[in-house]
Amino acid sequence: MGPGGNGSVEASVQVADVGDPQLRASGVVPDRRRVLLYLLLLAALVVVTFGRSGSFQFVMWDDDRMLYANPHVHGLTAANLHWMFTDSTYNRLYMPLGWLGYALSVALVGLNAPAQHLVNVGLHLVNVLLLFALLRELLKAARSPVSAGWQDFAAAAGAALWAVHPLRVEAVAWVGARVHLMMAVFLLAGLWMYLRSVQRAADRRQLMWGRPLFWAAVAGYGLSLLTFPAGLLLPAVLVVLDVYILGRAEGEPRRGPAWARLIVEKWPMFLLAMAAIAVSVWGRFHTQTMAHAAGVDTFGVGSRLMQAFYVCAYYVAATLWPTHLSPVYTTLVRFSPDEPLFVFSAAAVVGITVVLFAMRRRWPTAWAAWLCHLLVLLPFLGLTEHPDYTSDRYTYGEGVIYSALVAGWLASGRVALHVRKMAAVAAGVIVVGLAALSFGQVAVWRDTPTLYAYVLQELNGDPYGLDIHLRWARYALQQGDAAAALREADAVLVQAPKVPTAAELRGQALELAARQGSQRGLSLAEVRELYLAAGAAFRRAFVLRPTRPLLEQAAAAYEAGGNPAAAAELRAAETPDGGPPPPR
């Protein structure tokens, strides 16, 4: 796939009679039945792979902050709409249309967890079909020399690989990550309209300002930024596509006039991007739910650079080998920039960049894909964050690059037909394998205990596991499960005896067990023992954190034989340290 081809042939096809049987037999005229078949197959693939999430519950992993415990999305009232478009303290990113999307889903299906999960599946399905249409348009715009039938197959294969890749699971099976799905609807639609505009232009080197589809693409991009600014650098990506894929710089040097003209053409998008960056930076320093940006004194320039290299390399590796996926990756929590993993990542990124730059005229598609990879990931490099976390959902847009590469290779005239046929079979096998992996990964998001157990398994003793145990204890208390809350609090105290939150949660679990014991017929002596143990736990928490006098009061009350009034006062007090993380 790349610039080139015969525009006159393309024009003759566009004006030809679509009913001509010779053209239809040759595959030049797209077969609507074939396209419909691919759409149905893609839809079935999505439903089979992700449909089981339609029986899942909410998880205490930002689902509360984003949806079910966020009153601002419970109703399309004037006050809620005002909050969505003006609040700057609840979340560090300005995403009014993201909040509006949550509110619309609540208005549509309420707080029914299975139905909310199906909303995610529906949005992913829309994006898969949009990607299929986008890849078809990209292959036409890039003047792929193969038949329309092969182009459609290549687009379907690329869309299928993206649709069922295990890295998509987090965004689809997690209600709290829905903003990535909503954002992609606008972004993919905008990109499709841009390609359509270029493909229909008589002279691609002309500015697109006079074409309505170009302005529709600008609108789609703007709506994506208002939903979630993950596609921030789309304008730069479009310039790369213009030069190396769409042939809009043909006949001109690739430095100077062509680049400048294509950049100027996209001034509306770059203006929107700068506005989004300004709002995000302002929110980064004014939100109440995020720590301040890391200073150079605590997170040096060298460490930031090595972190960026690691992130760029990590997402390539995760795409090629999607195993041991998890909602939490702790590699960047504590690291030294001279560790072998980071040195290797830097060498790999620099090496690939140098080689592809040197070969850019021979391999323009590979060079363009690598540039797009770097540009798309730029907002996710964590250059101001420490600690930072890589996340599967950040690949929702970035993964489109790989699907485009696959589609472009399958539709390349440089690849022999028999090789393309073998590749088609291999693609089918890979799609089935990825779908099987994703089908299993989806189950991780079934409910909160399942999610926490899986995360702990993947952390495999990492200190971050203590935070997961604390979350699980809080969740168990909310569910009235005293035994589970006690188990998780004790798991922390065994590894870290001086964590006051764990001692406090242990006290709350024992207090809950005492109250439930009274209802279940435990003897007064047994109930008293539970209260005494709760008192000891609260006193331990107070010794570790003497800034909370309520802990000492409750401890004294329990040690005196139990005082429900004091217990109620304690439960109504401020939330213990280490509560749920901010929205991500």
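Residues numbered from 1 in each chain as written. Predicted model: local features only at pLDDT ≥ 70, side-chain atom pairs only at ≥ 80, totals over all residues. Heavy atoms only, no water.

## With respect to the overall build of the chain
Note the threshold: Only DSSP runs of H or I reaching four residues or more are called helices, and only runs of E reaching two or more are called strands; each is numbered from the N terminus. Burial classification: accessible surface area is computed with a 1.4 Å probe over protein chains only, and a residue below 20% of its type maximum counts as buried, one above 50% as exposed, and the rest as partly exposed. Any two residues whose heavy atoms approach within 4.5 Å at even a single point are treated as in contact. For accessible areas, the Shrake-Rupley method is used with a probe of radius 1.4 Å. Any residue's cover is judged against the shown protein chains and nothing else.
Along the chain, the regular secondary structure elements total 26 helices and 0 strands. Going through the 584 residues of the chain one by one, you find that 53% of them count as buried. Within the chain, contacts between residues separated by at least 24 positions form 74% of all contacts whose residues are at least 6 apart in sequence. With an accessible surface of roughly 25100 Å², the chain has 67% of that area assigned to carbon and sulfur atoms.

## Considerations on the pattern of salt bridges
Let me state the cut-off plainly: Salt bridge, as used here, is a side-chain nitrogen of Lys or Arg placed within 4 Å of a carboxyl oxygen of Asp or Glu.
Counted under the stated rule, the structure contains 17 salt bridges. For the salt bridge of Glu-137 with Lys-140, the shortest nitrogen-to-oxygen distance reads 3.7 Å. Highlighted residues: Glu-137 and Lys-140, both in helix H7 (residues 113-141), separated by 3 residues, approximately one helical turn. In this structure Glu-137 comes out as buried when scored by relative accessible area, which is 2%.

## Describing the packing of helix H17 (residues 364-377) against helix H18 (residues 395-410)
Two numbers describe a pair of packed helices, the interaxial angle and the distance between the axes. Definition in use: Angles here are taken between N-to-C directions and fall from 0 to 180 degrees, while the axes themselves are lines fitted to C-alpha atoms, restricted in helices to the stretch in contact. Between 65 and 115 degrees an angle is taken as roughly perpendicular, under 35 as roughly parallel, over 145 as roughly antiparallel, and anywhere else as oblique. The classification used treats Ala, Val, Leu, Ile, Met, Phe, Trp, Tyr, Cys and Pro as nonpolar, Asp, Glu, Lys and Arg as charged, and all other residues, Gly among them, as polar.
Across the interface, H17 lies against H18 with an axial gap of 9 Å and an inter-helix angle of 170 degrees. Regarding the angle of H17 to H18, the classification is roughly antiparallel. Where H17 abuts H18, its residues Thr-365, Ala-369, Cys-372, His-373, Val-376 and Leu-377 lie against Glu-398, Ile-401, Tyr-402 and Leu-405. Split into classes, the residues belonging to the contact of H17 with H18 amount to 7 nonpolar, 2 polar and 1 charged.

## Notes on a nonpolar patch on the surface
Note the following rule: The patches described consist of residues with a relative accessible area above 30% and no salt bridge, like charges being joined within 9 Å and nonpolar side chains (Val, Leu, Ile, Met, Phe, Trp, Tyr) within 5 Å.
Nonpolar side chains collect at one region of the surface, where Leu-207, Trp-209, Trp-215, Val-264, Trp-267, Leu-271 and Met-274 lie side by side and expose about 690 Å² of accessible area between them. Per element, the largest residue contribution to the nonpolar patch is 3 residues, and it comes from helix H14 (residues 267-286). Position of Leu-207 relative to the elements: it lies in the loop between helix H10 (178-200) and helix H11 (212-227). The class of Leu-207 is partly exposed, set by a relative accessible area of 36%.

## Brief notes about the nonpolar core
Side chains of nonpolar character tend, in soluble globular proteins, to be buried together. How we decide: Grouping buried Ala, Val, Leu, Ile, Met, Phe, Trp, Tyr and Cys residues that are joined through side-chain atoms within 4.5 Å yields what is termed a nonpolar core.
Within the largest apolar cluster, 148 residues are counted, with the highest numbers of intra-cluster contacts made by Trp-61, Trp-99, Leu-246 and Trp-445. Counting 17 residues, the second largest nonpolar core, distinct from the first, contains Leu-470, Ala-473, Leu-477 and Leu-505.

## What about the packing of helix H20 (residues 448-459) against helix H21 (residues 465-479)?
Worth spelling out the cut-off: Note on convention: the crossing is left-handed when the near helix lies turned anticlockwise from the far helix by less than a right angle, right-handed when the turn is clockwise.
Where H20 meets H21, the closest approach of the two axes is 10 Å, and the angle between their N-to-C directions is 165 degrees. Relative to H21, H20 is oriented roughly antiparallel. Helix-helix and strand crossings are classified by hand; for H20 and H21 the assignment is left-handed. Of the residues in H21, those touching H20 at Thr-448, Pro-449, Tyr-452, Ala-453, Val-455, Leu-456 and Leu-459 are Gly-465, Ile-468, His-469, Arg-471, Trp-472 and Tyr-475. Across the contact of H20 with H21, the residue classes break down as 9 nonpolar, 3 polar and 1 charged.

## Side note on the side chain of Glu-398
Condition: Two residue types count as positive, namely Lys and Arg, and two as negative, namely Asp and Glu; His and chain ends fall outside the count. Polar contact criterion, stated in full: a pair of N or O atoms within 3.5 Å, where within protein one must be able to donate a hydrogen and the other to accept it, and residues adjacent in sequence count only if both atoms are side-chain atoms.
Among the secondary structure elements, Glu-398 is positioned in helix H18. Arg-168 provides the closest opposite charge to the buried, salt-bridge-free Glu-398, at an N-O distance of 5.7 Å. Of the polar contacts made by the side chain of Glu-398, one reaches the side chain of Tyr-402; its length is 2.9 Å. Apart from the residues within four sequence positions on either side, Glu-398 is in contact with Tyr-315, Thr-319, His-373, Val-376 and Leu-377.

## Describing empty space enclosed by the protein
The cut-off we apply is this: Definitions used throughout: a 1 Å grid over protein atoms alone; a cavity as a set of points that fits a 1.4 Å probe which cannot get out; a pocket as an open set with protein on both sides within 12 Å along at least five of seven lines; a lining residue as one with an atom within 4 Å of a point. Grid points are joined across faces, edges and corners, and a volume is the space filled by probe spheres set on the points.
Scanning all chains against the criterion turns up 3 cavities of 30 Å³ or more. By volume, the largest cavity amounts to about 530 Å³. Listed by contribution, the elements that provide at least two residues to the lining of the largest cavity are H7, H10, helix H12 (234-244), H17 and H18. Top contributing element to the lining of the largest cavity by residue count: H18, with 8 residues. Classifying every residue of the lining of the largest cavity by side-chain character gives 28 nonpolar, 5 polar and 2 charged.

## Considerations on helix H15 (residues 301-320)
Worth spelling out the cut-off: Helix span, expected: 1.5 Å multiplied by one less than the number of residues in the helix.
Over its 20 residues, H15 extends 29 Å from the first C-alpha to the last, a length consistent with the 28 Å expected when each residue adds 1.5 Å. When you tally the buried positions in H15, you get 14 out of 20 residues, the bulk of the element.

## A closer look at unusual backbone geometry
One non-glycine residue with positive phi stands out, namely Asp-62, at about 80 degrees. Residue position: Asp-62 is located in the loop between helix H3 (32-50) and helix H4 (63-68). On the accessibility criterion, Asp-62 (2% relative accessible area) is buried. The phi angle at Arg-143 is positive, at roughly 60 degrees, despite the residue not being glycine.

## Quick look at the confidence of the model for the chain
Residues shown with low pLDDT carry predicted positions that ought not to be read at fine detail. Under the convention used in this document: Values of pLDDT, the confidence the predictor places in each residue, fall between 0 and 100.
The predicted model of the chain has a mean per-residue pLDDT of 87, with 87% of residues at 70 or higher. The weakest mean pLDDT in the chain belongs to helix H1 (residues 7-15) at 34; the strongest belongs to helix H9 (residues 169-173) at 98. Across residues 2-29, confidence stays below pLDDT 50; counting only partners more than four residues off in sequence or on other chains, it has 34 contacts. The low-confidence segment residues 574-584, where pLDDT is below 50, has 30 contacts with residues more than four positions distant or belonging to other chains.

## Digging into the environment of Leu-332
Its place among the elements puts Leu-332 in the loop between H15 and helix H16 (340-358). You can call Leu-332 buried: its relative accessible area is 2%. Taking the C-alpha atoms as reference points, Leu-332 and Asp-388, separated by 56 residues in sequence, lie 5.6 Å from one another. Beyond its immediate stretch of four places on either side in the chain, Leu-332 contacts Gln-307, Tyr-310, Val-311, Phe-342, His-386, Pro-387, Asp-388 and Thr-390.

## Brief notes about the packing of aromatic side chains
The criterion, for reference: Ring pairs are drawn from Phe, Tyr and Trp, using the six-membered ring of Trp, whenever the two centres fall within 6.5 Å, and their geometry is named by plane angle: stacked under 30 degrees, edge-to-face over 60, tilted for the rest. Charge-over-ring placement is defined geometrically: NZ (Lys) or CZ (Arg) within 6 Å of the ring centre, and within 35 degrees of the ring normal.
Scanning all chains against the criterion turns up 22 aromatic pairs. Relative to Tyr-90, the ring of Trp-83 lies with its centre 5.5 Å away and its plane at 70 degrees, an arrangement referred to as edge-to-face. Residues Trp-83 and Tyr-90 agree in their burial class; the two are buried. Counting every residue linked through ring pairs, the aromatic cluster contains Phe-299, Tyr-310, Tyr-314, Tyr-315, Tyr-329, Phe-335 and Phe-342. Here Arg-420 stacks its cationic end above the ring of Trp-150, 5.0 Å away from the centre of that ring. Against the face of Trp-472 rests Arg-487, its NZ or CZ located 5.0 Å from the ring centre.

## Some remarks on the environment of Asp-31
Take Asp-31: it is sitting in the loop between helix H2 (21-26) and H3. Classification of Asp-31 as buried rests on a relative accessible area of 16%. A sequence separation of 121 residues divides Asp-31 from Asp-152, and the C-alpha atoms of the two residues are 9.3 Å apart. A distance of 2.9 Å separates the side chain of Asp-31 from the backbone nitrogen of Arg-33, its partner in a polar contact.

## With respect to helix H23 (residues 500-520)
Across its 21 residues, H23 extends 30 Å between first and last C-alpha, which sits within 8% of the 30 Å expected from 1.5 Å per residue. Most of H23 sits inside the fold, with 16 of its 21 residues counted as buried. Note on H23: the residue one or two positions beyond its end, Gly-521, has a positive phi of about 90 degrees.

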